[in-house]
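This is what each chain is made of:
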Amino acid sequence: MNRNSPANAEREIVLGIDLGTQGLKVVAFDAARAQVLGSVSAAVENLTPVPGWLEQEPRQWWATLCRLTRELTTGNDIPREAVVAIGLSGHMHSIVPLRADGSIAHNCIVWADTRSREQARRISARASSPLWNPSIAPYSLAKILWLRERRPELRDEIAQILWSKDYLRYRLTRKIATDYSDASGTLMWDFAARAWDEDLLAEFKLSPDLLPDARASNEAAGALSESAAADLGLSVNTVVAYGGGDCACAVVGSGIPDSDTLLINAGTAVQVIEMREEPRPFDRDADVRYLFELGVEGGTFAIGALNSAGHSLEWWRRLLNERMTYAQFDALAADERPDPEGPIFLPYLQGTGTPRLLDGSFGSFAQLSATADRRALTRAVMDGVAFGIKHCAEALVKDGDLSAKKILFTGGLSKSPLMRQILANVFDGEVRFRTFSDMSALGAAAHGVVAAGLAPNARTWLADFDYGETSLAASPALRERYAAAYERYKEWAARVTSA
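Here's what I pulled together on the structure shown here. Here the structure is a predicted model, which means the values were calculated and not measured. (Residues numbered from 1 in each chain as written. Predicted model: local features only at pLDDT ≥ 70, side-chain atom pairs only at ≥ 80, totals over all residues. Heavy atoms only, no water.)

### What to know about the overall build of the chain
Helix and strand content of the chain: 16 helices and 24 strands. A globule of 499 residues ought to have a C-alpha radius of gyration of about 23 Å, and the chain, at 23 Å, matches this closely. Each principal axis of the C-alpha atoms in the chain carries an extent, and together these give about 65 × 60 × 40 Å. Taking all 499 residues of the chain together, the buried fraction comes to 58%. For the chain, the proportion of contacts with a sequence separation of at least 24, taken over those separated by at least 6, is 72%. (Helix = DSSP H or I, 4+ residues; strand = E, 2+ residues; numbered from the N terminus. Rg over C-alpha atoms; globule rule 2.2 N^0.38 Å. Buried < 20%, exposed > 50% of the residue type's maximum accessible area, 1.4 Å probe, protein only. Contact = heavy atoms within 4.5 Å.)

### Thoughts on the pattern of salt bridges
One pass over the full model with this rule turns up 33 salt bridges. Close ionic contact of Glu157 with Arg99 constitutes a salt bridge, the shortest N to O distance being 2.7 Å. Pair noted here: Glu157 is in the loop between α4 (140–150) and β8 (160–163) and Arg99 is in the loop between β6 (95–98) and β7 (108–109), with a separation of 58 residues, a long-range link. With its nearest N and O atoms 3.5 Å apart, the salt bridge here joins Arg318 to Glu314. Residue Arg318 and its partner Glu314 are both found in helix α10 (residues 310–320); the two are separated by four residues, about one turn of the helix. Glu314 gets classed as partly exposed once you look at its relative accessible area, which sits at 22%. Several salt bridges converge on common partners, so that one network encompasses Lys165, Asp166, Arg169, Asp179 and Asp182. (Salt bridge = Lys/Arg side-chain N within 4 Å of Asp/Glu carboxyl O.)

### Remarks on the nonpolar core
Side chains that are nonpolar tend, in soluble globular proteins, to be buried together. Membership of the largest hydrophobic core comes to 128 residues, with the highest contact counts inside it found for Val272, Phe301, Ile389, Phe409, Phe427, Leu442 and Trp461. Residues Ile13, Leu24, Ile104 and Leu168 belong to the second largest nonpolar core, which totals 39 residues. (Core = buried A, V, L, I, M, F, W, Y, C linked by side-chain atoms within 4.5 Å.)

### With respect to the sheet that holds strand β24 (residues 469–472)
What the seven strands build is an open sheet, ordered β18-β19-β17-β16-β22-β23-β24; its pairing is mixed. The open sheet is flanked by β18 (290–293) and β24, the only strands paired with a single partner. Each neighbouring strand pair of the sheet contributes to a mean axis angle of 25 degrees, computed without reference to strand direction. Across three bridges, strand β22 (residues 406–410) lies against strand β23 (residues 431–434) in parallel orientation. Its bridge partner lying in β23, Leu408 is registered against Arg432. (Pairing = 2+ DSSP bridges. Axes fitted to C-alpha atoms, helices over the stretch in contact; angles between N-to-C directions.)

### Side note on the packing of aromatic side chains
Overall, the coordinates contain 21 aromatic pairs when judged by the stated rule. Between Trp132 and Phe191 the ring centres are 5.4 Å apart and the planes differ by 40 degrees, which places this aromatic pair in the tilted class. Residue Trp132 is located in the loop between α3 (117–126) and α4, and its partner Phe191 is located in the loop between β10 (189–190) and β11 (195–196); the two are separated by 59 residues in the primary sequence. On the basis of an interplanar angle of 15 degrees and a centroid distance of 6.0 Å, the ring pair of Trp315 and Phe345 is categorised as stacked. Here Phe345 lies in strand β20 (residues 344–346) and Trp315 lies in helix α10, a separation of 30 residues in the sequence. On the accessibility criterion, Phe345 (2% relative accessible area) is buried. Here the aromatic cluster, defined as three or more aromatic residues joined through ring pairs, consists of Trp163, Tyr180, Trp189 and Trp196. We note Arg115 situated over the ring of Trp53; from NZ or CZ to the ring centre the distance is 3.7 Å. (Phe/Tyr/Trp six-rings, centres within 6.5 Å; stacked < 30°, edge-to-face > 60°. Lys NZ or Arg CZ within 6 Å of the ring centre and 35° of its normal.)

See below:
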């Protein structure tokens, strides 16, 4: 959305930067009106030197950020002096090892990298300190131990560990730090003390000096350095917030829901999010959640995860016809009805997160017959993704009771009109959907707004933000069929994941 220069010169503009696994996005917001002025994005290259490994080059992030920021300001006639603050969001768990001079000692090891599975198993077996989350390969501690064991030549070179958005902030301000949300996603964070767990670090012979200080996401880390301002085409007076992990920023961007709301961020993967007032250590015999700091207000939230939601739909669409549009995909399944005796799809193409944590490939069709056709299987995939989300939600909340919860969907999955109705039917009630999908960038911008002193907190700033919210109710005519089909889904899920 273009604006003329005089109008924009009078405005205070905040940039929300979101570094995701697949791409980097920069969104400009009018701070006074909490309105989007424009956005730009570009893909981020993922490197897979060995099957199961996933790395990114942090220097490429910086080059891409500089290019996109100039593109955004030029394309929307935003003068450099109008940009008063920057907020940052980045993919969590992904480590960036730095030398003492700030140079990169090793490529970023991305959260989805599975090389440290063995280290994660050993952490779980050996740790005498209570862990606040399950010990799995995505968590940073396992990745750090892998580097120490498999790259011993780097042991003396690595002086500091940062996370993805922290590296960008370092390039912006030269400030070495992290925030509470990213710290909480490392397996090295003590939620009770709100500090690094020094007992756990000592147990695995890691120096606390390896980890940076953690601060609130909406605090000001400083202003742009002269070199960064020149690279970005912005003013040295631009304030930079500490920022947060992408999932935490998405929660903040949503307006920080109350504990009666389940926020379901549904895209390639799904995160079912519930605010938690009293965090407690992980119980491997009872828990099916992941716990994180919000980064502000002392808040914490729990997540249930479904790894392959939109990914399952995209896999099936490409398998049918790579040139098929999403509208054609919906049309293929639109006239099908849920059938408890028909095909059942389990969306576990990339393992399972909640209600049971399993690595590996468990995606499955069940109850196939010779009469199953493209239409029936397409509807089974769509229904199966919705069933998987509900299964995850029931496992997250107390006693599996969703009746008292308000259901709020964000993310690209619910852009499909058919998928929205399927979700309302599966959750058997009124479900709210938001069309605005850049929730992490919005949360990052909210941190920038607060850091610059333009609002007291994110809730206040976002009170009038237009999310494009709609609601849908379940179809009474399909209630019994969906209830029966969901029970069959759970039966098959239990069989496949226990095999």
